[in-house]
Amino acid sequence: MTAVALAVCVAVGGAGCSVIPLSSAPIAPDAADAGAALGGSFQRLVPTKPRPEWRPDQVVMGMQAAMAAYADEGQDKTLWRYLTPQARKDWNPHVPVSVLDQLEVKLSGPPDAEARVQISGNIIAEIRADGRYVPMTAPSPFSRWVTLDKTRDQGYVVSGLSFDGLLLTAADVERSYEDAKLYYLDNNDNPVLDLVKIRRKPTENLAEGIVARLAQGPSEALRDAVHSALPPGTRVLSVQKRGEAVVVDLGGAFDPDRIGNPEGLKVQLGASLRNQVNGRVIEVLHDGEPFYGTSPLTISPSDYQPSQPQPLLANAYVLRDGAVLREQEPRKEFSDWVPRGMQPRPDFKDPAVSADGARIAVSGSDGIWVHQDSQWRLWIRGTGLVSPAWRPDGTLWTYDPARQTFLRFDPQGGGQQPTQIPAPTLTGETVERIKFARDGVRLAIIARDAGQGQSVQVGTILPGQVGNFRKLLEAKASKDREEIVDVAWENVEQLLVLTDQAITRVHLVTGPMQNVGGTIKDANSIASFGGRTLVGTDTRVLELDSTQKLEPLGNIKEGLPAYPAFLSERP
């Protein structure tokens, strides 16, 4: 069996592609042929039509190869040639794409007038219609049957599928999709990252694909939590490099002079194309003409570069025996920032420092206490409240397991009581920790279900509620499972999950990545900011060094439980 001998690829806008001919099984291409920023080459899959002499299992392998190229073809898809008219009618492609680690095809019994072929593997992720790559918290075994009928002229044809949707291997996804960092706007027009995958197309370069997807609006992960300054109906005509500038030509029935938020448009386009334009000026046109009739909309690098980058190294805070210590310089001596009071509070734990450093919140047996202006005050009263967290807007949050609701306290609001913020989608689960991302839109939680299993989830702050939760890591109830202790944002894309045995780095898109720091004992908390990660234990503070090993923070005496913290992040 041979692959197709000839295939033609047409690309516009300066983009090119390498053609990967497919026979009955995908051919793994050379990864060095990946696309460049604006208009480089990429690997396009060209499937082979079924052949009368193929065995049933070969037909099924060719069918899967045609599924991998499904999105690259027009109405006359190669996949349809593998299916009978009835099978084509019964099969539904409009469901999430299933990503398998690998694909095994096995013929059941000798082929006859009718044959059955088993497809098996492990589903490791789904790709949703909005481009979200959703990894499974654990590989899900997949085993389905394909029924084939033998015809006089065509050989074996697929007459029945016991599943809906496209089946792609991890290699198919790597070959045909690109990771994209899209940016939308919060209520203060600060950029908020949306991580999606974009299917490469032979008719557009990667930058055009990014802008086209940006115009479609945020993914479900940020639904109702952000907005877009791009006018409804915006189309992308081209994105090209001209001299030292990158020119974005937008089309659509909108009046550029009536765009309500041109500065937000600059932020979105600039930040979303940051990795493609490499610091160049971006000029925006409308239908090939200057955006404002006589002049283009110009986006300079200062419009989209981060305005408040994290410090190279951050000063650490440590709560110990009711006193708060603060480093004078990173990794230097600690001094008393909040001395231990006349009435010791050994129950104080889990400190959270406000972004301006003026307040520190701790969890006590009777509620959430805040130190400000040299005094401790009980801000949120209650027993069993979850450790406090500052949101970048200056509000203080916790969770009340008894009432199953988040509590939000606004020190600028003038009220004395916290506001209850429900989380309807968490019914049946108890929140044990909360940590806000730098954007203030996302928050990570540790949740425990009724069966006592734990999970790390990321959700968003919505109008009047917290929602859009998705599990990134799961620890099901068992006798010897690890206990999830705490979680911290390492950056806007990654979390550090602390268990009673190890630290796991978890990406928002790909899920668990690796364990770092080695084995840990008696850990109680983790904090990460400004290039540093600290772990508190029942006797000392440990720091994750440049070799990803945990070493004692030398200037903290051992012997008592210690809880590290850093300044809360600003957007």
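These figures come from a predicted structure and were not determined experimentally. (Residues numbered from 1 in each chain as written. Predicted model: local features only at pLDDT ≥ 70, side-chain atom pairs only at ≥ 80, totals over all residues. Heavy atoms only, no water.)

1. Considerations on the overall build of the chain
Part 1 of the argument: Helices and strands together make up the secondary structure of the chain, namely seven helices and 39 strands.
Part 2 of the argument: Rg of the C-alpha trace for the chain: 27 Å, near the compact-globule value of 25 Å for 571 residues, within the 12% margin.
Part 3 of the argument: Relative to its 571 residues, the chain shows a buried fraction of 52%.
Part 4 of the argument: Per element, the accessible surface of the chain, about 25,700 Å² overall, is 47% carbon and sulfur.
Part 5 of the argument: Looking at charge distribution, the chain has the averaged site of its 60 positive side-chain charges lying 2 Å from that of its 69 negative ones. (Helix = DSSP H or I, 4+ residues; strand = E, 2+ residues; numbered from the N terminus. Rg over C-alpha atoms; globule rule 2.2 N^0.38 Å. Buried < 20%, exposed > 50% of the residue type's maximum accessible area, 1.4 Å probe, protein only. Areas by Shrake-Rupley, 256 points an atom, 1.4 Å probe, with all protein chains shown as cover. Lys, Arg positive; Asp, Glu negative; His and termini not counted. Charge placed at Lys NZ, Arg CZ, Asp CG, Glu CD.)

2. What about the sheet that holds strand 19 (residues 349-353)?
Part 1 of the argument: Read from one edge of the open sheet, four strands run 19-20-21-22, paired in antiparallel fashion. Two strands bound the open sheet, and with one partner strand each, they are strand 19 and strand 22 (375-381). The mean inter-strand angle of the sheet, taken between neighbouring strand axes irrespective of direction, is 25 degrees.
Part 2 of the argument: In the sheet, strand 19 pairs with strand 20 (residues 360-364) via three bridges, with the strands oriented antiparallel. Paired with Lys 349 across the strands is Ser 363, a residue of strand 20. (Pairing = 2+ DSSP bridges. Axes fitted to C-alpha atoms, helices over the stretch in contact; angles between N-to-C directions.)

3. Digging into the confidence of the model for the chain
Part 1 of the argument: Looking at the chain, pLDDT values average 87 and 90% of them are 70 or higher.
Part 2 of the argument: Segment residues 1-36 is flagged for pLDDT under 50; beyond a separation of four residues in sequence, or across chains, it makes 86 contacts in the model. (pLDDT = per-residue confidence, 0-100. Contact = heavy atoms within 4.5 Å.)

4. Considerations on helix 4 (residues 206-215)
Part 1 of the argument: Counting buried residues in helix 4 gives eight out of ten residues, a clear majority hidden from the surface.
Part 2 of the argument: Along helix 4, the residues that are buried comprise Leu 206, Ala 207, Glu 208, Gly 209, Ile 210, Val 211, Arg 213 and Leu 214.
Part 3 of the argument: Buried residues belonging to helix 4 abut strand 9 (177-185), strand 10 (191-199), strand 11 (235-242), strand 12 (245-251), helix 5 (262-272) and helix 6 (274-277).
Part 4 of the argument: You can read the cap of helix 4 off the contacts: a side-chain oxygen lies 3.1 Å from the backbone nitrogen of Ala 207, and it is on Asn 205.
Part 5 of the argument: A positive phi of about 100 degrees marks Gly 217, the residue just after helix 4. (Polar contact = N/O pair within 3.5 Å; in protein donor to acceptor, adjacent residues only side chain to side chain.)

5. Let's talk about the sheet that holds strand 33 (residues 503-507)
Part 1 of the argument: Ordered by their spatial adjacency, four strands build an open sheet running 31-32-33-34, and the pairing between neighbours is antiparallel. Two strands bound the open sheet, and with one partner strand each, they are strand 31 (484-489) and strand 34 (511-516). Direction aside, neighbouring strands of the sheet carry axes that sit 25 degrees apart on average.
Part 2 of the argument: Pairing geometry for strand 31 and strand 32 (residues 494-499), over five bridges, is antiparallel. When the bridges of strand 32 are listed, Val 487 appears paired with Val 497.

6. With respect to the packing of aromatic side chains
Part 1 of the argument: If you walk through the whole model with that rule in mind, you get 15 aromatic pairs.
Part 2 of the argument: Relative to Phe 163, the ring of Phe 142 lies with its centre 5.9 Å away and its plane at 75 degrees, an arrangement referred to as edge-to-face. Placement of the pair is Phe 142 in strand 6 (residues 133-151) and Phe 163 in the loop between strand 7 (155-161) and strand 8 (167-169), with a sequence separation of 21 residues. Assigned by exposure class, Phe 142 and Phe 163 land together as buried.
Part 3 of the argument: Each member of the aromatic cluster is reached from another via a ring pair, and the members are Trp 397, Tyr 399, Phe 406 and Phe 436.
Part 4 of the argument: Here Lys 77 stacks its cationic end above the ring of Tyr 70, 4.3 Å away from the centre of that ring.
Part 5 of the argument: Positioned above the aromatic ring of Tyr 183 is the side chain of Arg 274, whose terminal nitrogen or guanidinium carbon lies 5.5 Å from the ring centre. (Phe/Tyr/Trp six-rings, centres within 6.5 Å; stacked < 30°, edge-to-face > 60°. Lys NZ or Arg CZ within 6 Å of the ring centre and 35° of its normal.)

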